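Next come the chains, spelled out residue by residue.
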Amino acid sequence: MKSPSSLRLKDRSLIKAVLEIAKKRRLKLYLVGGYLRDILLGREKDNPDIDFCLKRGAINFGKDVARKLKGGFVILDKTHGCSRVVKRIKDKIYTLDFTDFRGKTLEADLLHRDFTINALSIELEKLFLTKDIEDLIIDPYKGREDLKSKIIRLVNKKAFDEDPLRVLRAFSLAIIFDFKIDKETLKAIKLKAKGLSGVSYERIRDELFKILERPNAFSCLEQLDKLKILKIII
């Protein structure tokens, strides 16, 4: 894993604007998941996806952000409190997702994430107090250790029950980052792969295309075939 870096300058003003909106509403907002993981890996996407979570009120907060930043808005999940704002800034398209805690605390929410490398968080207000974010990271499930070891590991055993698409996402993440899926996660994949039959084609397509875009896609497809996952999704 590369040395941790500070918040990217290109994204800084947008994230700061989101923070100011949260402060006016007296909301404690957290940066969470893949964007933070990519900072630690030194990886940058052309069109960033930035995930935030808060205790409650994610849908109304997302509406407020969209209105003040003049971005597009959509409710992703009314039941669990999840909204999305899409904002274009010059040549970049930013996707900002806001979700309610899926639990009473931040740690309980992170337990519902897919893999340990995505169960990382930072309190947004503290993010602007230092150049080195390493000491600020909230990492109750040892995601940074798995980043260093290049391991894809489930956060909890019910992760595939909560969203069966995570079975396929384990492989797309592994091939993108050149990581290995740990043995216990592979065991869970074998048990839960059938759940993919109930996932929408569009979501499966997106993960499958992430695999097909990689130069080493064939070896991944062989593994998916061996586990009879290709038979389920095609």
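Look up: the structure comes first, before these words.
Residues numbered from 1 in each chain as written. Predicted model: local features only at pLDDT ≥ 70, side-chain atom pairs only at ≥ 80, totals over all residues. Heavy atoms only, no water.

**Student:** I'd like a rundown of the nonpolar core, residues and numbers included.
**Tutor:** Counting residues in hydrophobic clusters, the biggest one holds 66 residues, and the most contacted among them are Leu96 and Ile229. Considering every element that reaches this core, the biggest residue donor is helix H8 (residues 166–177), with 9 residues. With sequence-adjacent residues up to four places away left out, Leu96 is seen in contact with Leu14, Val18, Ile50, Phe52, Leu69, Ser83, Arg84 and Val85. (Core = buried A, V, L, I, M, F, W, Y, C linked by side-chain atoms within 4.5 Å. Buried < 20%, exposed > 50% of the residue type's maximum accessible area, 1.4 Å probe, protein only. Helix = DSSP H or I, 4+ residues; strand = E, 2+ residues; numbered from the N terminus. Contact = heavy atoms within 4.5 Å.)

**Student:** Talk me through the sheet that holds strand E2 (residues 49–54); I want residue IDs and the actual numbers.
**Tutor:** The strand order across the open sheet built from 6 strands is E3-E4-E5-E2-E1-E6, with neighbouring strands paired in mixed fashion. Sheet topology places strand E3 (72–77) and strand E6 (121–123) at the edges, where each strand pairs with a single neighbour. Put simply, the sheet's adjacent strands are angled 25° from each other on average, direction ignored. With 6 bridges connecting them, E2 and strand E5 (residues 92–100) associate as parallel partners. Within E5, the position partnered with Asp51 by the bridge is Asp97. Strands E2, E3, strand E4 (82–89) and E5 of the sheet are contacted by helix H3 (residues 58–69), whose axis makes an angle of about 15° with E4. (Pairing = 2+ DSSP bridges. Axes fitted to C-alpha atoms, helices over the stretch in contact; angles between N-to-C directions.)

**Student:** With reference to specific residues and values, describe the packing of aromatic side chains.
**Tutor:** Within this structure, the stated rule accounts for 5 aromatic pairs. For the pair Tyr30 and Phe101, a centre-to-centre distance of 6.0 Å together with 45° between the ring planes defines the contact as tilted. Taken together, the residues Tyr30 in strand E1 (residues 30–32) and Phe101 in the loop between E5 and helix H4 (106–110) connect sequence positions 71 residues apart. Neither residue differs from the other here; Tyr30 and Phe101 are each classed as buried. The ring of Phe128 carries the charged tip of Lys16 above its face, separated from the ring centre by 5.2 Å. (Phe/Tyr/Trp six-rings, centres within 6.5 Å; stacked < 30°, edge-to-face > 60°. Lys NZ or Arg CZ within 6 Å of the ring centre and 35° of its normal.)

**Student:** I'd like to hear about H8, residue by residue, with values.
**Tutor:** Taking 1.5 Å as the rise per residue, H8 with 12 residues should run 16 Å; its terminal C-alpha atoms sit 16 Å apart, in good agreement. With respect to burial, H8 is a largely interior element, 12 of its 12 residues being buried. Looking at H8, one finds that the buried residues are Arg166, Val167, Leu168, Arg169, Ala170, Phe171, Ser172, Leu173, Ala174, Ile175, Ile176 and Phe177. (Expected span 1.5 Å × (residues − 1).)

**Student:** Describe unusual backbone geometry, listing the residues and the values that go with them.
**Tutor:** One non-glycine residue with positive phi stands out, namely Lys70, at about 60°. If you trace the backbone, Lys70 turns up in the loop between H3 and E3. Judged by relative accessible area, which is 74%, Lys70 ranks as exposed. We note that Asp178 has phi near 60°; this positive angle belongs to a residue other than glycine. Relative to the helices and strands, Asp178 is located in the loop between H8 and strand E8 (180–181).

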